[in-house]
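If you want the building blocks of each chain, they are given just below.
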Amino acid sequence: AHASAVIANSQINAINEADIINKMLQVSAGTVYRTDERGERVAVRVGAPARIEAFLDIISSSSQPVICYAPFTAAHTYIAEELQAHGVDFVSVDGSTSDADRTRAFDAIQSAQTKVLLAHPRAMAHGVTLTRSNVIAWWVPIYSSEIYTQAIGRITRHGQNRSCYIIHLIGSDIERRVLRRLNEKRALAGTLLEYLESNSL
C-alpha cells in the first residue's frame, strides 16, 4: 500500500498500512510529518482546535491534576504551545526529559502544584505513582495494549481513592477503529482495509 496527500500545502507520503494509519492519526492529532528535500522529517501543523477546546474543558472540569498522553512528538509540542497560550500550568515528560526533570514533574503532579502533566506514554515507566490525578486524556489512540495498560496504571495504583476517568479525544473514524482494536487486543494489520471497505462509495 502507498498513499500520498497534500495537507497544509505539504506533500505527505506513506509507504505501507501502518505508515498510512500513523499519518492519519497524526493529522487527527493536529500535526503530521513529511520528509523534506534533504530527507529530514519536518512537522506540518494542521491544527486540531476542537480537540484543544475539548481538552481545556476536561482540565477546567477536573478538581485534580489531569494527565494527557500524546504519542507523537510534534503533537506534544503543539499541545504544549496551546496550553501556554491559554495560561494553563503544566509539566511535560517525554523521551528526552532528564531523570531529575521527570522526578520534578511527577512530584508537581502528585502534590497538585501543577494542573496538567503532558506526557508521551512510552516515557511513563513502571513504578511511577500519580494517584493524585484521577483523569487521563488520550490525545489520540496508540497501538500497543501493553503501553496503554502501563500508562493507565499510573493513576489506578494502590492508594487511589477516587473514581478514575480515562477519556479518549476521538474525532475520526480511523481513531475509533484503532481504539477498538486496542481494546480488543487485536493486531493493527487489517485496520486500513476495514476502514477503506466501510468508506467506499
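Quick note: structure is the one above.
Residues numbered from 1 in each chain as written. Predicted model: local features only at pLDDT ≥ 70, side-chain atom pairs only at ≥ 80, totals over all residues. Heavy atoms only, no water.

K.L.:
Looking at this structure, I do not really get the overall build of the protein. What am I missing?
P.N.:
The secondary structure content of the protein amounts to seven helices and nine strands. Burial analysis of the protein (201 residues in total) assigns 47% to the buried set. Accessible surface computed for the protein: about 10,100 Å², of which carbon and sulfur atoms make up 49%. (Helix = DSSP H or I, 4+ residues; strand = E, 2+ residues; numbered from the N terminus. Buried < 20%, exposed > 50% of the residue type's maximum accessible area, 1.4 Å probe, protein only. Areas by Shrake-Rupley, 256 points an atom, 1.4 Å probe, with all protein chains shown as cover.)

K.L.:
What is the right way to read the nonpolar core from this model?
P.N.:
For soluble globular proteins, nonpolar side chains are generally found buried alongside one another. Ranked by size, the top nonpolar core spans 29 residues in total, and within it Phe55, Ile59, Ile79, Leu83, Val116, Leu118 and Trp139 carry the most contacts. Every element with two or more residues in this core is listed here: helix H1 (17-29), helix H2 (49-61), strand E5 (66-69), helix H3 (73-85), strand E7 (116-119), strand E8 (135-138) and helix H6 (173-183). Those residues in contact with Ile79 that sit more than four places away from it in its chain are Phe55, Cys68, Ala70, Leu118 and Trp139. Ala105, Ala123, Met124 and Leu182 belong to the second largest nonpolar core, which has 24 residues in total. (Core = buried A, V, L, I, M, F, W, Y, C linked by side-chain atoms within 4.5 Å. Contact = heavy atoms within 4.5 Å.)

K.L.:
Could you clarify how one ought to interpret the pattern of salt bridges in this entry?
P.N.:
Side chains bearing opposite charge may pair, as long as their charged atoms lie close to each other. Overall, the coordinates contain five salt bridges when judged by the stated rule. For Glu40, the salt bridge goes to Arg38, with nearest N and O atoms at 3.9 Å. (Salt bridge = Lys/Arg side-chain N within 4 Å of Asp/Glu carboxyl O.)

K.L.:
What should I look at first to understand the packing of aromatic side chains in this one?
P.N.:
Using the criterion set out here, one finds three aromatic pairs in the structure. Relative to Trp138, the ring of Tyr69 has its centre 4.7 Å away and its plane inclined at 40 degrees; by these criteria the two rings are tilted. Taken together, the positions of Tyr69 in strand E5 and Trp138 in strand E8 put the pair 69 residues apart, joining distant regions of the chain. Relative accessible area serves as the criterion here: at 0%, Tyr69 is assigned to the buried category. Following the ring pairs from residue to residue traces out a cluster consisting of Tyr69, Trp138 and Tyr148. Directly above the aromatic system of Tyr33 lies the positively charged group of Arg41, at a separation of 3.7 Å from the ring centroid. (Phe/Tyr/Trp six-rings, centres within 6.5 Å; stacked < 30°, edge-to-face > 60°. Lys NZ or Arg CZ within 6 Å of the ring centre and 35° of its normal.)

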